[in-house]
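If you want the building blocks of each chain, they are given just below.
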Amino acid sequence: MQERGINSTFKKIIYESSEMVFLADDTFPYSIFYANDAFENQIGESLQEKTLAGLGLDINAYIFKEELILSHDGKEYSFRLELPYESSANYFLFYKGKEVKTLGLPTKKEAQQFFTSFQDIIAIGQHEYLTYLNGSVLPVLGYQPEELLNSSLCNLIHEKDLESVKSIWREKVGNDGNAFFEARIRSKSGEFKFIDFSVQFTPERFFIIGKDVSEKAKQKQLENQIENLKVNSPSSAKSGSWKFNKSINSISFDAVASNLIGLAQQIDLANAIQSKSVQEFADKWGDCFVKIGSESASFEFEIELLESSTKHFQFKGIKVNDSEFAGIIWEDSEIIDRNRKINRLEKLLLESPDPSMVVFPDGKVYIANHEVVKLFGFEEGRNLKHLSELGGLFDNPDLWQDWIQNEGSESELQRFSTNLINTQGRQLTLEICSKLIEVEEQGFISLTFRNISEKVILEKNLEESSDFLMNLTEQVPGGLYQMVLDAEGKMKFSFLSKGIGSVLGLNPEEIKDFEDISMAISRVHPMDLPQVIMSSVASAKKQEPWQCQFRVKTDDSQNQYRWILGAARPQLLENGDMVWYGYLTDISDQKEFEAKLEEARLTAVKASQIKSDFLSMISHELRTPLNAISGSTYSLLQEQPSDSQKTALNTINFAVDNLIIMINDLLDFQKIEAGKLTIEKASFNFENLIQQILNGLSFHAKESKNNLQLNISEGLNLWLKGDKTRLSQILNNLITNALKFTKEGDVTVSVLLKEMSTNKARIYFEVKDTGIGIAKENQEKIFNDFDQVKPTFSSKYGGTGLGLSITRKLLSLMGGTIQLESEVDKGSRFYFELEFEISDENPVPTFTVKEKPSAPLQLRLLMAEDNDVNALVLGKIIKKWGFTFERVHNGQEAVDMLKTNEYDCVLMDIQMPVMDGFDATLAIKSFSSVPVIALTAAAKLEIMERIDECGFDGFVAKPIDAAELLKKIKEVVTGENYSA
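Residues numbered from 1 in each chain as written. Predicted model: local features only at pLDDT ≥ 70, side-chain atom pairs only at ≥ 80, totals over all residues. Heavy atoms only, no water.

1. Notes on the environment of Ala648
- In this structure, Ala648 sits in helix α20 (residues 643-674).
- For the pair Ala648 and Thr633, spaced 15 residues apart in sequence, the C-alpha separation works out to 9.7 Å. (Helix = DSSP H or I, 4+ residues; strand = E, 2+ residues; numbered from the N terminus.)

Below, the structure is given as structure tokens:
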């Protein structure tokens, strides 16, 4: 002790205090190296290990405290503590030690046992966070205590209770005080439990005791719900309550309910042995619960018991849980009887055929029947609430107030008469009866309404009918009349309206004396008079309505006429007189309009004729020089030209062909517009035709540096019936366009067999290119007449803008529809489908001119051509064929030559002086059978039709295709079919 430097200090404590004192080393395990007698007597003797660790003391927990509590052998002791650094020593000094007296309070162990075994929730916390919960939180809320430690109590409180709890917390927390409240707390299962809280607040902590009162709260809630049901039940009926346990099939009544229904307060519905009245109730009760189902939160049903005496009970109930239900019961037999009586009376009033209503003295409607709603024009089912709603139907909106100012006795009846316009615009005259009625000291006013409109109108009709008819006759357009033809044949007007004056130009004085029919006939235009008389006679004989349009003189001085429409219906009277009831009206304006329409029609016809003549003239004037160019080119090609010359000649031919296509487009357009283009049905070999079309365009493809390909499916080597010329024209248009708008690309023609039956074949056609493409907005425009994508196209690519328009129209005539898919700079795809009949004929094989096995023909031809250039070119072509010919300049010379000479064939121009080709051919055919081929550059549809009518054996259009002409000559001369 001396060495440790504690003598003076230790002695001081020993002598100044008799409490327990001991010292311990400042290093672990903190050995107690000195203790006084008081410490030894109370603690040291029973201490097995004299160290702070043996005392169960963690000295580090008290290094900032001056006082600590030691627990030993079930007792607690308090000590003052002096740390080593406070006295510059190397030991801990514990002094002023004494036992802590609890004054009857339980020990810590006893307190811990109390907290853990307490059935209510005990919790301790700081601010709003929980720092301790006893084990009761598990059975009550389903949480382990550890789950809620350091969590906010607010997280568990029902949202409807949260604000009130927060208010209490804000007021009490941090202060000394108590609070008592009830709140719903969410259990771990999600169900909310009603907890009654008692909370003690201290400045640092709060202490909670929470008692589960859920069952009590539910019971109270159930009682409140039942009370609400009673409040909503009829006030005149006595009501009781009931509870039903579905799981045990048992029902209980309170004393009131038991007395009402006449059954015991507790009934076991599952009991097989019971009275008839109970059995009846049990059966009906079970049926009702089957109907309402187990999911209904609230329900209502009725039970009628007949066993003892007929009683009618009304039940209202709520679902407590899956097996328990509760509610109220009342007997409403009297209410039902009273309601039935009221309903009968109400229905009698509502369905009464007389419009009636009952109102309160202030005008409020008590009841209004269906007829009164209908009378005032309201929609069916309208619920009138006050008489003021009728105010807008009367001139005086407050008229209804007179009906309820009934100050007399109940027996006094008041009557009113008034006019109204109902909501449907119908004007009515009403008679209203009003009577005051008192029921149970309550005043009512009964109102009945009678529509007397028909009666009033009927009275006025007799007075007004003649005025009405007279006014009507004066107001109708024109004039009305009545004309009589008596048995003696005399005709006269028995009635003329004032309007006759405006029609016939008569003044009022003249109308009075205008009776004789001859006065009217004298005004009729002489050219129309026969028609008027004959139609009138026919009407009288057949007794049919008469109608006639004629002119009448309206001004004797100026000899002016106006057009009149007259119409009448005859009637034969019993006395034999014939009476016409009719009218006359001025139709001069109509006739003038008709004349203008006729003039416009003639103008349109003339314009169409001018267009036709213009096209014919243009066609003829273009074909004439083209004929010379084409014929000369053909002749030069037959003279073995050099390759460079042949290329130039082919280019000329190509240009001529393009011009011919344009001319043909114009001709086809004219035919289609006139509706005179017909689709033929002739047999042709389909595959050969497609190959010919592609072969004919191969030069064009080579010139434009395009790759032209054909994809044709197998099975198309068929003989079909159709118009091969128009099909060729369609494909030529599409392929030519594809080659024109594609440079150094691909043009693919696909022909596929889609369907084939015994007599029909459906074929798909497609022309696809990799050219410039067509924008979406222009894809419909290109099918318009004379239209192209933009004006610059005509200068860059050429064309009339008719090709695709004609193609679409031709396909429409053939039963197809052209479709287009295109994208700019990627190309276009035109496609369509056509259906053909399969030819059942066995066509004779045809031979080309080169393949013809027979020896060359030696023919003598007669050429009738007035144009020297055309005659020169055609003569060269004929000489190239090795034929001989003679030329004449007009049709008359051709007729004369044939009368004295023999020829194998006549080549006849149509338009020639002296005698044209038509008359010449008719004359020739009258005495000779020599074949005649028409050569013309004309485009008129009438000329094309006359070629067939005049007996021509063939037709070749100018400019002349030499190969086509040779083929046609051989066909008409030999009667055999040649393919070019």
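2. What to know about the sheet that holds strand β6 (residues 121-126)
- Spatially, five strands are ordered β7-β6-β10-β9-β8 in an open sheet, and the strand pairing comes out antiparallel. Here the strands that pair on one side only, and so sit at the sheet edges, are β7 (129-133) and β8 (177-186). Taking the axes of each pair of neighbouring strands and ignoring which way they run, one obtains an average angle of 30° across the sheet.
- Direction of pairing for strand β9 (residues 192-201) relative to strand β10 (residues 206-212): antiparallel, over a ladder of seven bridges. (Pairing = 2+ DSSP bridges. Axes fitted to C-alpha atoms, helices over the stretch in contact; angles between N-to-C directions.)

3. A look at the environment of Gly882
- On the secondary structure map, Gly882 appears in the loop between α26 (868-881) and β36 (884-888).
- You can call Gly882 partly exposed: its relative accessible area is 37%.
- Separated by 23 residues in the primary sequence, Gly882 and Leu859 place their C-alpha atoms 8.1 Å from one another. (Buried < 20%, exposed > 50% of the residue type's maximum accessible area, 1.4 Å probe, protein only.)

4. A short note on the UniProt feature "modified residue: 4-aspartylphosphate" (unreviewed entry) in the protein
- Sites flagged by UniProt as "modified residue: 4-aspartylphosphate" (unreviewed entry) map to Asp909.
- Dropping the residues within four chain positions of it, Asp909 is found in contact with Ala864, Glu865, Asp866, Gly917, Leu935, Thr936 and Lys958. (UniProt positions renumbered as here; feature names shortened; annotations may be inferred. Contact = heavy atoms within 4.5 Å.)

5. As for the sheet that holds strand β19 (residues 413-421)
- Read from one edge to the other, the open sheet built from five strands follows the order β18-β17-β21-β20-β19, with strand pairing classed as antiparallel. Strand pairing shows two members of the sheet lacking a second neighbour, β18 (365-368) and β19, which therefore form its edges. Direction aside, neighbouring strands of the sheet carry axes that sit 25° apart on average.

6. Side note on the pairing of strand β16 (residues 324-331)
- Burial within β16 is extensive, with six of its eight residues counted as buried.
- Relative to β16, strand β11 (residues 239-245) runs antiparallel, the two sharing seven bridges. Residue pairing for β16: Phe244 is matched across the bridge by Phe325.
- Bridge count between strand β15 (residues 311-319) and β16: seven bridges; the pairing is antiparallel. Paired with Ile318 across the two strands is Ala326, which belongs to β16.
- Joining the antiparallel neighbours β15 and β16 is a turn of four residues.

7. Let's talk about the confidence of the model for the protein
- Summing up the model confidence of the protein, the mean pLDDT is 80 and the portion of residues at 70 or higher is 83%.
- Every residue in residues 792-798 is under pLDDT 50, and counting partners more than four places away or in other chains gives ten contacts.
- Across residues 845-853, confidence stays below pLDDT 50; counting only partners more than four residues off in sequence or on other chains, it has twelve contacts. (pLDDT = per-residue confidence, 0-100.)

8. Considering empty space enclosed by the protein
- Under the definition given, this model contains three cavities of 30 Å³ or more.
- Within this model, the largest cavity holds a volume of roughly 120 Å³.
- Sorting the residues of the lining of the largest cavity by element identifies β6, β7, α5 (137-141), β9 and β10 as the ones contributing at least two each.
- Of the residues that constitute the lining of the largest cavity, the class distribution is 13 nonpolar, one polar and no charged. (1 Å grid on protein atoms, 1.4 Å probe; cavity = no way out; pocket = protein on both sides within 12 Å on 5 of 7 lines; lining within 4 Å. Points joined across faces, edges and corners; volume = space filled by probe spheres on them. Nonpolar A, V, L, I, M, F, W, Y, C, P; charged D, E, K, R; others polar.)

9. Details of the pattern of salt bridges
- This structure, assessed with the given rule, holds 28 salt bridges.
- Between Glu371 and Lys374 there is a salt bridge whose closest N-O contact spans 3.6 Å. Of this pair, Glu371 and Lys374 both sit in helix α12 (residues 370-375), three residues apart, which is roughly one turn of the helix.
- The class for Glu371 is partly exposed, based on a relative accessible area of 25%.
- Using a relative accessible area of 57% as the deciding quantity, one classes Lys374 as exposed.
- Lys596 is paired through a salt bridge with Glu592; the nearest N and O atoms lie 3.9 Å apart. Residue Lys596 and its partner Glu592 are both found in helix α19 (residues 588-637); the two are separated by four residues, about one turn of the helix.
- Given a relative accessible area of 53%, Lys596 falls into the exposed group.
- We classify Glu592 as partly exposed; its relative accessible area is 43%. (Salt bridge = Lys/Arg side-chain N within 4 Å of Asp/Glu carboxyl O.)

10. Concerning unusual backbone geometry
- Each neighbour pair has its own omega, and for Phe28 with Pro29 the value is 10°, a cis peptide bond.
- Assignment of secondary structure puts Pro29 in the loop between β1 (20-25) and β2 (32-35).
- The residue Tyr30 is not glycine, and still its phi comes out positive at about 55°.
- Residue position: Tyr30 is located in the loop between β1 and β2.
- Given the relative accessible area of 15%, Tyr30 is considered buried.
- Positive phi is not limited to glycine here, since Val914 has a value of about 65°.
- Relative to the helices and strands, Val914 is located in the loop between β37 (905-909) and α28 (917-925).

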